[in-house]
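Residues per chain, in single letters:
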Amino acid sequence: MTAWHQRCSDLVEDCLVRVGSGPVAASIEGGSGVWVAPGFVVTCAHLVPDGADSAVEVRWRDQVLRGTVTDQVPAEPGHLGLWAYPDLALVEVADPPEHPCAWLSESVPHDAAPLTAFGHSAKLGEGLRPAAVEGRFSGWHLFGHGRNWQFTGNEIAPGMSGGPVLDTRGGAVCAIVTTTVAEDTDRGGYLAPVAALRELPADRWRVLMGAHDRFHARDQRWGQLRGQQAAQDDRLDGPCGPLEEMELLGLLAELPAPDSATLQRLFAICTDDARPPVTPLLALRDVATTLWDVPAADPDRLLPLLRMTHELSLLHDGTRAGRELRDWTTILATRLNRLNELRTWRATRTATAAPRGVISLQIVPGYAKVDRYRLTMTVHGPDREPRRLYCDEEPRHTLAQVRQVAQDRLRDALCWLGGAASIEFVVPITLFDEPFDELVPTKPYTNLGRKYQVVLRDYDRSVDAEVRHDWLRRWHQLATVDGDVRWIVCTEALTAPEFSAELEQRPEVTVVALTRRPSSVAAVEELLRVALDAGVPVAVWRRDTCAEHDTGAVVAPCSGQQFREAITASLTATAGLPERVRLLRNRTAGHQPSQSDIHCRGTVLLWDDPGRAEPLAPVLEPDDRTDEEARTAW
């Protein structure tokens, strides 16, 4: 036995426990188990015949602990009293002490791979005492609906059932001892692979493996030992090393569990292979472990695993786990010389792991009474038909009242979408400077624009069929090659006809950016209107004037120029711009924002997808006549 193998064996032995339905301290009955997560022991179903919710005793070191069987698979013996595949049970220990946990692997050993089985044996007449026997993997045997592995070359003694089996090359527990073939012989026994734990209820398996992964992200003894072996063999099982693997799985375990459809979409985004994964995807760890050895079809593209971690870091950006995932991705990409590919992927991808719904609020003034507004709110779920949650029959509210009604109704809409939402305000240009993103519909410590992607859309263009062709053309340009940014600066000297002529010659312009708010100068607002009528789908500005140009006390750089310099980096790639603006709003509101971020306070984004334009209900004027006058007119 090598020194490395001995250290691995010591780790496994310290995770070994005795399990029995009676007092295990003095009994020679019972069997074995193994700590796999804080407070959780895996053992054999046949060792806990009273089934789920039954009490068991667990002995670890010199401590006798109380445990409860949470799951038993199968629930009872089958033909001839034999327990079919997988013959596993999960025990939860009440008030567990601080203890180690075995590192589990679902990998299948190669033929004749060396294994070490751990358990308890009474062979020397001193009751059940810890024992370890070396053997080898020698195939499998179909029993029930699953495959039990076969362990040969040594004796599996009574009392070893439920004990862990170490893959001595991989440095991981790969199986659980279930039964012996024949006592007092070297014919070995049968093992349940770690993958058989998937026979537990899916929610229980996710809880168990999540706790397992979080433990090993903190306690790095297994990772360091496996890393030493990988370094000596000059090999890595996949793109990342053992410590990197454990760190990643720990980060994934901190994230909310996506549903099956979302896991499938994430896998499809990250792999170039159209074939579905062989193993059902129950959790994010499944997507990661499936992608360990999947290479990118094009060597110039990002590795599938890096794609996955980037997508998740983007989806959870703004959270601790999201930031740590982003750092993990950057470090691994640097080590693998894939940093340039990662930068390209980050510039062209948006969060797609969990589809968002869209809440659309249309705010339109009346034709005669321009100080009254009509509010319509529609929710577009990712997998549902649009649902209209609110609609005024006529322009009845003041602008302040509209803001209050919108704020109240947004709570319902956000709950309906479970918080996975983008919000768009479809308003005329006269309302572009209204701080809709600063509404506070839910938590008092944040606002709408910091919590969600909040954008404006142009109501006037949505009802003008004449501009639709140019609008669609420039949006297509934006979706394929980004396009160009045209700045309207504080000292812009072009007239509206001159600017219109320029845009007709530049179909590649997809973004206009303003160094001051549109309403601050009539000429600036007019140029923005020209750009929107020319089909430009994206515009960005800050909700401030340029104080220096307003007062005539111009210094270089002025406030508008400082905004331009601060925001330019965010405009180099338009994909994902709504999310970048959301994060920018949070940075400007955070503790000690950078000077660059301070210049971007009040950033407003118009993001106008022509494919999302919907038929608009006619605006009706309030009827000021009496009921009698109305009936007479009718």
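For the structure itself, look to the data block above.
A. Fine view of the side chain of Thr-168. Structurally, the position occupied by Thr-168 is in the loop between strand 10 (164-167) and strand 11 (172-180). Side-chain polar atoms of Thr-168 contact the backbone oxygen of Pro-114, separated by 3.0 Å. Excluding residues within four positions of it along the chain, Thr-168 makes contact with Trp-4, His-5, Pro-114, Leu-115 and Thr-116.

B. Up close: helix 6 (residues 284-291). Burial analysis of helix 6 places 6 of its 8 residues in the buried class, the great majority of the element. Buried residues of helix 6: Leu-284, Arg-285, Asp-286, Val-287, Ala-288 and Leu-291, and no others. Taken together, the buried residues of helix 6 touch helix 2 (202-218), helix 4 (242-253), helix 5 (260-270) and helix 7 (304-315).

C. Structural view of the pairing of strand 8 (residues 129-143). Pairing of strand 7 (residues 114-121) with strand 8 involves 8 bridges; the strand directions are antiparallel. Residue pairing for strand 8: Pro-114 is matched across the bridge by Arg-136. In sequence, strand 8 turns back onto strand 9 (residues 146-152) through a hairpin of 2 residues, with Gly-144 there showing a positive phi of about 75°.

D. How the structure looks around the packing of helix 5 against helix 7. Where helix 5 meets helix 7, the axes come as close as 8 Å, and the angle between the chain directions of the two elements is 130°. Judged on the interaxial angle alone, helix 7 and helix 5 are oblique. The two elements helix 5 and helix 7 cross, and the hand of that crossing is right-handed. Side by side, helix 5 and helix 7 meet where Leu-266, Ile-269 and Cys-270 of the first sit next to Pro-304, Arg-307, Met-308, Glu-311 and Leu-312 of the second.

E. Molecular detail of the side chain of Arg-516. Take Arg-516: it is sitting in the loop between strand 19 (509-514) and helix 15 (522-533). Residue classification places Arg-516 among the buried positions, given a relative accessible area of 4%. Separated by 3.1 Å, the side chains of Arg-516 and Ser-520 make a polar contact. Once you skip the residues sitting within four places of it in the chain, Arg-516 turns out to touch Cys-490, Val-521, Val-524, Trp-541, Arg-542, Asp-544, Thr-545, Cys-546, His-549 and Asp-550.

F. Fine view of helix 15. For helix 15, built from 12 residues, the straight-helix expectation of 16 Å at 1.5 Å per residue is met to within 8% by its first-to-last C-alpha distance of 17 Å. Along helix 15, the residues classified as buried are Val-524, Leu-527, Leu-528, Arg-529, Val-530, Ala-531 and Leu-532. Of the residues flanking the end of helix 15, it is Gly-535, one or two places downstream, whose phi is positive at about 95°.

G. Summary view of the sheet that holds strand 9. The strand order 7-8-9-12-11-10 describes a closed barrel built from 6 strands, whose pairing is antiparallel. Neighbour to neighbour, the strand axes of the sheet diverge by 45° on average, direction disregarded. Two elements, strand 7 and strand 10, share 3 bridges in a ladder whose sense is antiparallel. Each bridged residue has a counterpart across the sheet, and for Leu-115 the counterpart in strand 10 is Asp-167. Along the sheet, helix 1 (residues 3-15) makes contact with strand 7, strand 8, strand 10 and strand 11, crossing strand 10 at roughly 160°.

H. Region of interest: the nonpolar core. Counting 77 residues, the largest nonpolar core has Leu-197, Leu-252, Leu-305 and Met-308 as the members making the most contacts within it. If we skip the residues at most four places from it in the chain, Met-308 touches Leu-252, Leu-266, Cys-270, Leu-284, Val-287, Ala-288 and Leu-291. Among the nonpolar cores identified, the runner-up in size contains 48 residues, and Ala-496, Ala-531, Val-536 and Trp-541 belong to it.

I. Layout of the sheet that holds strand 4 (residues 55-60). Pairing is antiparallel in the closed barrel, where 6 strands are placed in the order 1-2-3-6-5-4. Direction aside, the axes of adjacent strands within the sheet are offset by 40° on average. Pairing analysis gives 6 bridges linking strand 5 (residues 63-73) to strand 6 (residues 88-93), with the strands arranged antiparallel. Paired with Gln-72 across the two strands is Ala-89, which belongs to strand 6.

J. Representation of the environment of Trp-471 in the model. Mapped onto the fold, Trp-471 is located in helix 13 (residues 468-481). Overall, Trp-471 belongs to the buried group, its relative accessible area being 1%. When the C-alpha atoms of Trp-471 and Val-536 are compared, they prove to be 6.2 Å apart, with 65 residues separating the residues in sequence.

K. Fine view of the packing of aromatic side chains. This structure, assessed with the given rule, holds 6 aromatic pairs. When the ring of Phe-425 is compared with that of Phe-436, the centres are 4.7 Å apart and the planes differ by 10°; the resulting orientation is stacked. A residue pair is termed long-range when its members are at least 10 positions apart, and Phe-425 in strand 16 (residues 421-427) and Phe-436 in the loop between strand 16 and helix 11 (448-451) qualify at 11 residues. Taken individually, Phe-425 and Phe-436 each receive the classification buried, so the pair is uniform in this respect. Both rings, one in Phe-432 and one in Trp-541, keep their centres 5.7 Å apart while their planes meet at 25°; by these two values the pair is stacked. Taken together, the residues Phe-432 in the loop between strand 16 and helix 11 and Trp-541 in strand 20 (residues 538-542) connect sequence positions 109 residues apart. Residues Phe-432 and Trp-541 agree in their burial class; the two are buried.

L. The arrangement of the pattern of salt bridges in detail. Enumeration according to the criterion identifies 31 salt bridges in this entry. In this structure, the salt-bridge partner of Glu-106 is Arg-198, at a minimum N-O distance of 2.9 Å. Here Arg-198 lies in the loop between strand 12 (189-193) and helix 2 and Glu-106 lies in the loop between strand 6 and strand 7, a separation of 92 residues in the sequence. Judged by its relative accessible area of 30%, Glu-106 falls in the partly exposed class. For Arg-198, a relative accessible area of 18% corresponds to the buried category. Residues Arg-372 and Asp-371 are paired through a salt bridge, measuring 3.5 Å at the closest nitrogen-oxygen approach.

M. Examining the environment of Val-73 more closely. Relative to the helices and strands, Val-73 is located in strand 5. A relative accessible area of 15% places Val-73 in the buried class.

N. Representation of unusual backbone geometry in the model. Along the chain, Val-73 connects to Pro-74 via a cis peptide bond; the corresponding omega equals 0°. Note that Pro-74 resides in the loop between strand 5 and strand 6. Across the junction of Tyr-85 and Pro-86, the peptide omega takes the value 5°, indicating a cis bond. Among the secondary structure elements, Pro-86 is positioned in the loop between strand 5 and strand 6. Positive phi outside glycine occurs at Asp-53, with the angle close to 75°. With respect to the helices and strands, Asp-53 occurs in the loop between strand 3 (40-43) and strand 4. By relative accessible area, which is 68% here, Asp-53 ends up exposed.

Rules used in this analysis
- Residues numbered from 1 in each chain as written.
- Predicted model: local features only at pLDDT ≥ 70, side-chain atom pairs only at ≥ 80, totals over all residues.
- Heavy atoms only, no water.
- Helix = DSSP H or I, 4+ residues; strand = E, 2+ residues; numbered from the N terminus.
- Polar contact = N/O pair within 3.5 Å; in protein donor to acceptor, adjacent residues only side chain to side chain.
- Contact = heavy atoms within 4.5 Å.
- Buried < 20%, exposed > 50% of the residue type's maximum accessible area, 1.4 Å probe, protein only.
- Pairing = 2+ DSSP bridges.
- Axes fitted to C-alpha atoms, helices over the stretch in contact; angles between N-to-C directions.
- Parallel < 35°, antiparallel > 145°, perpendicular 65-115°, else oblique.
- Left-handed = near helix turned anticlockwise from the far one by under 90°.
- Expected span 1.5 Å × (residues − 1).
- Core = buried A, V, L, I, M, F, W, Y, C linked by side-chain atoms within 4.5 Å.
- Phe/Tyr/Trp six-rings, centres within 6.5 Å; stacked < 30°, edge-to-face > 60°.
- Salt bridge = Lys/Arg side-chain N within 4 Å of Asp/Glu carboxyl O.

Coordinates in, geometry out; function isn't part of it.
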